[in-house]
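Report on the structure
Each chain, letter by letter, is given below.
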Amino acid sequence: MTSVVLTRRGAALWARIDRPGSGNACDSTVLTGLERWLAGAADPAVRVLVLTGTGRSFCAGADLAEATGLLGDLPALLAHLDRGRRLVRALRAAPVPTVAAVNGAAFGGGLELLLGCDIAVAADTARIGDRHLAAGQVPGWGSSVLLPLAVGPAPARRLLLTGETWSAEESEHRGLVSAAVAADRLVGHVDALADAVAARDPAAVRRMLTLARPPVAEADWDREWETLTAHVTAQAAARAAAASPPDRHTPGTPTRPATLDRPPGTEHP
């Protein structure tokens with residue numbers, strides 16, 4: 001059973017993350033499905049890419065259960081995290097316009113997928129936030145880079161440091177999404193938006209994308225990645241130290257293993 005359902009709707013190729021039991025969190029199977037969705041833009045008949053989720057979540061971010069399982073293999077963990085990072089960067093460089101149809105909660109990596117899209121439309125039931133700190137983590141898929149471009153430096157710092165959640169209406173007011181619509185109108189609204197874009201000359205649209213997408217300095221991407229690498233490396237080292245037998249000549253007890261689990265109260269909706 002696939003974790004990402006691809007559907008053609010006119011000239012738009014929709015990807016629907018289909019792991020509602022995990023808040024549509026991105027595990028390896030989701031990343032594979034989204035990579036396949038992006039590759040679909042090579043079809044000249046595909047003029048728009050649309051991303052959405054199943055149920056009450058758009059995407060709750062990276063699958064922390066899978067990531068925690070990789071703490072014992074740091075190169076594998078970093079490769080897994082870098083795969084999501086490269087996906088968001090590929091989304092920003094897609095040859096056709098990309099639209100996030102935010103049907104529900106978008107946190108962490110879900111926010112970063114939203115930020116990677118050219119246009120975001122949110123259902124009025126959506127809740128949006130960064131929440132990396134709530135899970136004891138730092139961004140790695142672009143929110144520290146892209147969020148200030150979307151809402152400005154001060155609101156971005158507030159969202160990153162407080163972990164607060166914005167409603168669809170607040171997200172529209174802040175410029176994070178272009179529109180907040182009734183949940184039962186989300187698909188129709190995005191369909192109309194995709195149809196309008198698809199009706200334009202494809203060559204002109206491609207050139208417009210080079211103007212409409214704000215440039216990001218490579219140094220900013222590198223700073224985020226270096227920070228994430230240092231953070232998870234320290235967590236992996238702490239986990240390894242805690243798992244080692246204690247020195248019987250040294251008083252004290254082992255420290256609690258570091259994990260990438262979410263703390264109580266931050267479960268997926």
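Computed from a predicted model, the values in this text were never measured in an experiment.

**Some remarks on the sheet that holds strand E1 (residues 4-9)**
An order of E1-E2-E3-E5-E7-E10 is seen for the 6 strands of this open sheet, with the pairing classed as mixed. Every interior strand has two partners, whereas the edge strands, E1 and strand E10 (179-181), have only one. Direction aside, the axes of adjacent strands within the sheet are offset by 20° on average. Here 3 bridges tie strand E7 (residues 119-123) to E10, and the two strands are oriented parallel to one another.

**Some thoughts on the packing of aromatic side chains**
Going through the model one piece at a time under the given rule, you end up with 0 aromatic pairs. Against the face of Trp14 rests Arg9, its NZ or CZ located 5.5 Å from the ring centre. One Lys or Arg, Arg131, reaches over the ring of Phe107 and ends 3.9 Å from the middle of that ring.

**Regarding the pattern of salt bridges**
What the rule picks out here adds up to 14 salt bridges. In this structure, Arg158 engages Glu164 in a salt bridge whose closest nitrogen and oxygen atoms are separated by 2.9 Å. Glu164 sits in the partly exposed class, given a relative accessible area of 22%. Of the charged contacts in the structure, one is a salt bridge between Arg174 and Glu170, with a shortest N-O distance of 2.9 Å. Highlighted residues: Arg174 and Glu170, both in helix H7 (residues 168-174), separated by 4 residues, approximately one helical turn.

**Quick word on the pairing of E7**
For E7, the buried fraction is high: 4 of the 5 residues fall into the buried class. In this sheet, E7 lies alongside strand E5 (residues 98-102) in parallel orientation, the contact comprising 4 bridges. The partner of Ala100 across the bridge, within E7, is Ala120.

**A word on the environment of Leu6**
Relative to the helices and strands, Leu6 resides in strand E1. The spacing of Leu6 and Trp141 is 135 residues in sequence and 23 Å in space, taken between C-alpha atoms. In contact with Leu6, not counting residues within four places along its chain, are Leu13, Trp14, Ala15, Gly33, Arg36 and Trp37.

**Structural notes on the pairing of strand E2 (residues 12-17)**
Among the 6 residues of E2, 5 are classified as buried, and the element is accordingly described as predominantly covered. Sheet topology note: the E1/E2 ladder contains 6 bridges and is antiparallel. In the strand pairing of E2, Thr7 is matched with Trp14. Linking E1 to E2, which pair antiparallel, is a turn of 2 residues; within it Gly10 sits at a positive phi near 65°. Across 6 bridges, E2 lies against strand E3 (residues 48-53) in parallel orientation. The residue bridging Ala12 from the neighbouring strand is Val48, located in E3.

**Some points on the nonpolar core**
If you look at the biggest cluster of nonpolar residues, it comprises 48 residues, and the most contacted ones within it are Leu34 and Leu113. If you look at the next biggest cluster of nonpolar residues, it comprises 13 residues, including Trp14, Ala101, Val121 and Ala194.

**Here's the deal with the packing of helix H3 (residues 74-92) against helix H4 (residues 109-116)**
Axis separation between H3 and H4 bottoms out at 8 Å; the angle between their running directions is 20°. One finds that H3 runs roughly parallel with respect to H4. Contacts between H3 and H4 involve Leu87, Val88, Leu91 and Arg92 from the first element and Glu112, Leu113 and Gly116 from the second. Here the contact of H3 with H4 is built from residues that sort into 4 nonpolar, 1 polar and 2 charged.

**As for the confidence of the model for the protein**
With 90% of its residues at a pLDDT of 70 or more, the protein shows a mean pLDDT of 91. Within the model, the stretch residues 253-259 combines pLDDT values under 50 with 14 contacts to residues more than four positions away or in other chains. Here residues 261-269 is a poorly scored stretch, pLDDT under 50, and it has 19 contacts once near neighbours within four places are set aside; other chains count.

**As for the environment of Leu64**
Residue placement: Leu64 occurs in helix H2 (residues 64-69). For Leu64, a relative accessible area of 15% translates into the label buried. The spacing of Leu64 and Thr165 is 101 residues in sequence and 20 Å in space, taken between C-alpha atoms.

The rules behind these values
Residues numbered from 1 in each chain as written. Predicted model: local features only at pLDDT ≥ 70, side-chain atom pairs only at ≥ 80, totals over all residues. Heavy atoms only, no water. Pairing = 2+ DSSP bridges. Helix = DSSP H or I, 4+ residues; strand = E, 2+ residues; numbered from the N terminus. Axes fitted to C-alpha atoms, helices over the stretch in contact; angles between N-to-C directions. Phe/Tyr/Trp six-rings, centres within 6.5 Å; stacked < 30°, edge-to-face > 60°. Lys NZ or Arg CZ within 6 Å of the ring centre and 35° of its normal. Salt bridge = Lys/Arg side-chain N within 4 Å of Asp/Glu carboxyl O. Buried < 20%, exposed > 50% of the residue type's maximum accessible area, 1.4 Å probe, protein only. Contact = heavy atoms within 4.5 Å. Core = buried A, V, L, I, M, F, W, Y, C linked by side-chain atoms within 4.5 Å. Parallel < 35°, antiparallel > 145°, perpendicular 65-115°, else oblique. Nonpolar A, V, L, I, M, F, W, Y, C, P; charged D, E, K, R; others polar. pLDDT = per-residue confidence, 0-100.

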